[in-house]
Amino acid sequence: MEVVKIENVTRIFKTGKIETQALRGVSLTIESGEFTALVGPSGSGKTTLLQMIGCLDQPTNGKVYINGKDVSRLNRNQRADMRRGTIGFIFQFFALIPTLSAYENVEMPLLLVGNHGTERRERVTQLLESVGLSDRAHHRPDQLSGGEQQRVAIARALATKPTLILADEPTANLDTTNGQQVMETMTRLNQETGVTFVFATHDPRVIKYARRVVTLRDGLIDANSKGEMADPGEH
Amino acid sequence: MIQIFKMAFRDLGRNRRRSFFSALALAMGLALLLLFAAFIHGNMNTAIDLAIRLQSGHLQVRAESYDESKTSLKWEDLVENPQQVAAQIAALAPVKAATPRLFATGVIAVGDETAGVRIYGIDPLSEANAPYRDGLVSGEYLTADDREGIYIGQPLAEKLELRVGDQINLSANTSNGDVDEQPFTIRGIYTTGTYGFDSYTVLLPLAKAQTLTQTENHASTIFVLLNEREQVDEVANALQTGSYKAITWPEMNELTIQYEEMANSYMVFFYLIILAITATVIVNTLVMAVFEQTREIGILAAIGMKGRRIMAMFMAESTLLAVGGILMGLVLGILVVSYFAKTGFFIGDFGISGMLLANTIYPELTLDAAVNLTIIAFIITLLAGIYPAALAARMEPVEALRGGK
């Protein structure tokens, strides 16, 4: 089943009179359960494409379908509705709310979808357990290491059982060991839950975890190595 | 909802000092408003009270033709057999005291110095004249049969450098339009704490004042004090018969009442200015908070929080600031008002012509004023929160995420 379908998408940014073409006609299909890396040098359009898939941004031209629904022309609130419950995000900076504990950060998306009571508490506990942070549940982000914070972010991304998780350079601010741990967690959860992962990276150590690598260059897909799969045990 | 307030509370806790000072700005603004409202109310209440006690009474009974502004002494403009009329009025149940008074204008001369004065002929024995008796500073109070004594206010005595026992010449208008001059001895010096009254009013026993002005057995008015201020219309109606008219204290103190109304309407502008300043502080705090939290707003939007909810989060912050600031403001305001209510606020010899103002103001905070000002302060703070909250809610998630990087 196609989770993401992108048809000839362009995205032009205007800064004053200067137009920058971030995407120049990208078409891409991502199937359910994939573990896909978007790679390419800085400025190749990885982040823009990820934002397009994540309903954070809208294409200048072309169409984006998520779970078969055209999301290219949704308004702000409709896009927020789409993101909530369908798409989970993991960012390069450890995007947690600093005033909330690990537990409360994971709980936040569940509150937004109106998940209440025992069910919610059990879900949060189970998620923190699955990323190995049960004992850190009541710590605030500033009391957690970078790796721990990123694992909380992964737990949060999974909270509402979304069909798609998008990660933008998830290991860029982590050392090798923590980066490895984060990628292993993502791989394991992908296999255990079947949730689709798409992540942008230019770190070769991360790319090898991907089962599919989509290479972008100057806003176009340069290579699409579907089916190619690295063995996570090999690094 | 609880989560929103929890987050708002913690957000404010992130920069405790800034949040505290913003709430403090609101607290001081509100405290200032409460103090001013209490000050004006206290001042006006005292002014009315003074005017009633010293000048107008609750009610006066005068001859139909008496014109106060001319201080007429013609017999036909005066009340005849005033003691008898006063006794009849005093017999009415709501009446506390009724006493005749004769008003005249005159000039005091001591050596080369002169001063224009208003002469009050009073019955020294009447309880209605207690404020003059109790205000004795030196010498002694008048007696009914004193033929040479005069009782003068302290500021006037100081101006003319007079002491008890000193001689003065007092000229006064008489009933037939002449001016008569007689020597008097300063019997006593008084103060009522009201410069506007004390500096120009001299008191004589009624009989002596009648002799001086050739108004035998007549008085300008019957000065009436009631047990309750509110009974005035009832008593006035009962007395509105025959050739005399009854004038009530609101009629006689119209200027003071109007002044209070005017002061109150001016105060609205003052309140708004204070609250606008406070609101600016709140807006500033929240706008800073929004900019600092840009990335977090992006994250919340990314995980599907709608603009409405983001707005609610920042509105919750302004609500918490408002509640904190208002509680502090009420405590601060009530403390300051209570302090001045006890010690009084000395404004010195200060007068507005036609009004009696005490030299010390005792602020009085009414529940009405406290409730109204609290509600206004709360609403204005919430209104101030709208702009920063809308700013946060309008942020595009992509830009907000980028902005925080």
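Rules of the game
- Residues numbered from 1 in each chain as written.
- Chains lettered and ligands numbered in written order.
- Predicted model: local features only at pLDDT ≥ 70, side-chain atom pairs only at ≥ 80, totals over all residues.
- Helix = DSSP H or I, 4+ residues; strand = E, 2+ residues; numbered from the N terminus.
- Rg over C-alpha atoms; globule rule 2.2 N^0.38 Å.
- Buried ≥ 20, exposed ≤ 12 C-beta atoms within 10 Å, placed from the backbone.
- Contact = placed C-beta atoms within 7 Å.
- Expected span 1.5 Å × (residues − 1).
- Pairing = 2+ DSSP bridges.
- Axes fitted to C-alpha atoms, helices over the stretch in contact; angles between N-to-C directions.
- Core = buried A, V, L, I, M, F, W, Y, C linked by C-beta atoms within 7 Å.
- Domains from an automatic or database assignment.
- Nonpolar A, V, L, I, M, F, W, Y, C, P; charged D, E, K, R; others polar.

Draft legend 1. Representation of the overall build of chain A. Scanning chain A for helices and strands turns up seven helices and 10 strands. For 235 residues, the compact-globule estimate of 2.2 N^0.38 gives 18 Å, and chain A sits close to it at 17 Å. Taking all 235 residues of chain A together, the buried fraction comes to 48%. Across chain A, the fraction of contacts at a sequence separation of at least 24, relative to all contacts at a separation of at least 6, is 70%.

Draft legend 2. Main features of the overall build of chain B. Along chain B, the regular secondary structure elements total 14 helices and 14 strands. In terms of overall dimensions, chain B is more spread out than a globule: its C-alpha atoms have a radius of gyration of 31 Å, far above the 22 Å expected for 405 residues. Projected onto its principal axes, the C-alpha coordinates of chain B cover approximately 95 × 45 × 30 Å. Put simply, 80% of the contacts in chain B that link residues at least 6 apart link residues at least 24 apart.

Draft legend 3. Summary view of helix α1 (residues 2-14) of chain B. Under the 1.5 Å per step criterion, the end-to-end length of α1(B) is 18 Å for 13 residues, consistent within 8% with the ideal 18 Å. Where α1(B) is buried, its residues touch α2 (16-56), α10 (254-292) and α12 (307-343) of chain B.

Draft legend 4. Region of the structure containing the sheet that holds strand β3 (residues 35-39) of chain A. Residues and elements named next belong to chain A. Ordered in space as β6-β7-β8-β3-β9-β10, the six strands form an open sheet in which the pairing is mixed. Each end of this open sheet is capped by a strand with a single partner; those strands are β6 (87-90) and β10 (220-225). On average, each strand axis in the sheet is inclined to that of its neighbour by 20°, with strand direction left out of account. Bridge count between strand β9 (residues 212-217) and β10: five bridges; the pairing is antiparallel. Its bridge partner lying in β10, V214 is registered against N224.

Draft legend 5. Structural context of the nonpolar core. The biggest cluster of nonpolar side chains holds 185 residues, and the ones touching the most others in it are A:L38, B:L26, B:L34 and B:V224. Looking at which element gives the most residues to this core, the answer is α2(B), with 20 residues. Counting contributing residues, this core receives three or more from each of domain 1 (2-51 + 256-403) and domain 2 (65-242) of chain B. In contact with A:L38, not counting residues within four places along its chain, are A:K46, A:L49, A:L50, A:V198, A:F199, A:A200, A:V214 and A:L216.

Draft legend 6. Layout of the domain arrangement of chain B. If you check the domain split of chain B, you get domain 1 (2-51 + 256-403) and domain 2 (65-242). Distance between the C-alpha centres of domain 1 of chain B and domain 2 of chain B: 50 Å.

Draft legend 7. Quick look at the interface of chain A and chain B. The interface is formed by 19 residues belonging to chain A together with 17 residues belonging to chain B. Mapped by element, the contributors of at least two residues to the side of chain A that touches chain B are α2 (76-86) and α3 (102-112) of chain A. The greatest single-element share of the side of chain A that touches chain B, amounting to six residues, is contributed by α2(A). Its residues placed into classes, the side of chain A that touches chain B shows 11 nonpolar, four polar and four charged.

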